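# Geometric and topological summary
Spelled out, the chains give:
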There are 2 protein chains.
Amino acid sequence: MSGNPKPLGKLYLLPVPLAAGAEEKSFTPFWTQTVNHLKTFIVEQEKTARKFLKEGGLKTPQAELKIYDYGKHQRGQSVATYFKELKAGEDVGLMSEAGCPGVADPGAELVAYAHSQGIQVIPLVGPNSMIQALMASGLTGQSFAFHGYLPIDKAERSKRIKELEQMSTRYKQTQLFMETPFRNTQLFEEIIRSCHPQTHLCIACDLNAETEWIKTMSVGQWKKEKPELHKRPCIFLILKNN
Amino acid sequence: MSGNPKPLGKLYLLPVPLAAGAEEKSFTPFWTQTVNHLKTFIVEQEKTARKFLKEGGLKTPQAELKIYDYGKHQRGQSVATYFKELKAGEDVGLMSEAGCPGVADPGAELVAYAHSQGIQVIPLVGPNSMIQALMASGLTGQSFAFHGYLPIDKAERSKRIKELEQMSTRYKQTQLFMETPFRNTQLFEEIIRSCHPQTHLCIACDLNAETEWIKTMSVGQWKKEKPELHKRPCIFLILKNN
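Quick summary incoming for the structure in this document. (Residues numbered from 1 in each chain as written. Chains lettered and ligands numbered in written order. Predicted model: local features only at pLDDT ≥ 70, side-chain atom pairs only at ≥ 80, totals over all residues. Heavy atoms only, no water.)

A word on the environment of A:His230. Residue and element names in this part refer to chain A. Within the fold, His-230 resides in the loop between helix H9 (219–222) and strand E10 (234–239). The class of His-230 is partly exposed, set by a relative accessible area of 40%. Once the C-alpha coordinates of His-230 and Leu-65 are considered, the two residues, 165 residues apart in sequence, prove to be 38 Å apart. In this view, His-230 contacts Pro-181, Phe-182 and Thr-185; residues no more than four positions away in its chain are not counted. (Helix = DSSP H or I, 4+ residues; strand = E, 2+ residues; numbered from the N terminus. Buried < 20%, exposed > 50% of the residue type's maximum accessible area, 1.4 Å probe, protein only. Contact = heavy atoms within 4.5 Å.)

Below you can see the structure in the form of structure tokens.
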């Protein structure tokens with residue numbers, strides 16, 4: 001009972017580019033204003049975070065920043081250590097290595113902790129490969145599901161692809177998933193083998209990069225065209241209508 | 001066999017703000033560059049589309065624009081009529097009324113037609129209420145599903161909420177849905193009645209507006225706090241861990 005509690009800082013969630021050279025496609029004026037108002041950042045990797053801040057228009061000398069490297073966080077260790085400034089009333093930024101923190105990327109644990117402490121969370125507009133792929137696919141965006149990585153085991157993966165195809169029909173829902181880029185070709189071949197020829201498949205590669213490439217065709221049509229996907233970040237989307 | 005085919009135009013997908021006064025939060029420099037390079041737009045409503053173009057930095061006199069009002073499109077009518085310029089080699093922009101075209105909004109049919117004609121589709125970065133809500137929820141973003149609107153019938157809606165709660169546990173997947181804003185309070189009460197007290201519920205309201213409000217708590221905690229949601233655009237997110 002020591003009078004009014006000290007006001008807490010706000011946690012700003014800062015999306016970052018998906019590709020090199022995509023600054024003008026990625027940063028809003030509000031992103032730039034926000035980072036210039038912050039001194040403390042919680043990031044997935046310090047080196048790239050500093051690069052993103054510079055590319056996004058940070059004017060503050062980098063030596064004046066306090067950077068918490070969340071990528072070095074140990075499992076089981078409390079995240080409370082990153083919240084000293086927020087609890088003292090200072091606003092703080094959160095960044096991951098690509099796209100939106102916490103979306104197919106680390107960060108959700110920190111945001112959850114913020115909520116548990118009554119800290120206001122402010123999500124900024126920015127790049128997100130799933131939404132950009134979905135919008136560009138022409139497949140339904142009225143209902144959709146993102147499943148992250150599929151199983152690595154070949155039999156399990158094939159089974160999972162068939163399950164997702166069935167779910168897409170049952171719920172009229174576009175199904176999105178991804179793979180580590182050096183296994184994309186195998187995943188593509190698995191989809192072609194496992195899915196019905198009428199199933200729609202969209203592949204969205206290198207989003208926001210100069211080499212961006214997005215194409216939607218039926219599985220039957222894809223059988224005649226083998227795309228070059230090796231080591232390119234891709235989102236795969238499938239939908240089978242009835 | 002009349003020599004090289006004429007090169008086709010590109011279809012640019014242009015997200016627009018979710019809230020009034022959110023220009024600086026919403027438009028990237030590339031958005032502004034892109035609209036200044038286009039003369040033809042396919043839009044959900046002409047009046048608001050012209051307003052967005054102005055707010056986003058269009059320099060071209062509006063009288064020089066060709067605007068197709070896709071919102072007036074009749075069911076069953078071919079969308080081919082909107083593709084005259086694209087087929088003649090001119091780049092064209094596509095916009096909806098809020099957020100990303102084709103994502104919980106009209107537009108997917110046009111994008112699908114573009115793919116069928118071999119027209120390149122370029123999705124720009126911009127506001128999306130689902131991704132911003134997910135990022136800010138602190139709930140898992142490794143796997144998530146957006147279901148659009150739930151059934152209006154009370155018994156069916158309650159059943160659907162319970163199904164989504166089960167799916168969230170089974171797939172470790174955050175479940176997102178929405179409601180027409182004047183029914184938000186009823187939906188909130190239905191969630192509170194239908195879900196387990198340990199289920200996490202995030203409500204993300206008025207995203208990118210001055211009145212933005214986002215909060216995640218357990219259903220048990222929400223029972224003690226009734227939020228003011230009436231007529232405010234909201235995304236609801238649930239996740240039950242085991």
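Attention now moves to the interface of chain B and chain A. At the interface, 55 residues of chain B touch 55 residues of chain A. When chain B packs against chain A, close to 4,200 Å² is buried across both sides, 60% of that on carbon and sulfur atoms. Its largest share of buried area at the contact with chain A, chain B owes to B:His115, B:Val125 and B:Met135, together 16% of the area lost on that side. Applying the counting rule to chain B against chain A returns zero salt bridges. Joining chain B to chain A, the criterion identifies 20 residue pairs in polar contact (both at pLDDT 80 or more). Residues of the side of chain B that touches chain A, tallied by class, amount to 31 nonpolar, 18 polar and six charged. Pairing geometry for strand E6 (residues 144–149) of chain A and strand E6 (residues 144–149) of chain B, over three bridges, is antiparallel. Counted as the bridge partner of A:Ala145 is B:Ala145 from E6(B). (Buried area = accessible area lost by both parts, 1.4 Å probe. Salt bridge = Lys/Arg side-chain N within 4 Å of Asp/Glu carboxyl O. Polar contact = N/O pair within 3.5 Å; in protein donor to acceptor, adjacent residues only side chain to side chain. Nonpolar A, V, L, I, M, F, W, Y, C, P; charged D, E, K, R; others polar. Pairing = 2+ DSSP bridges.)

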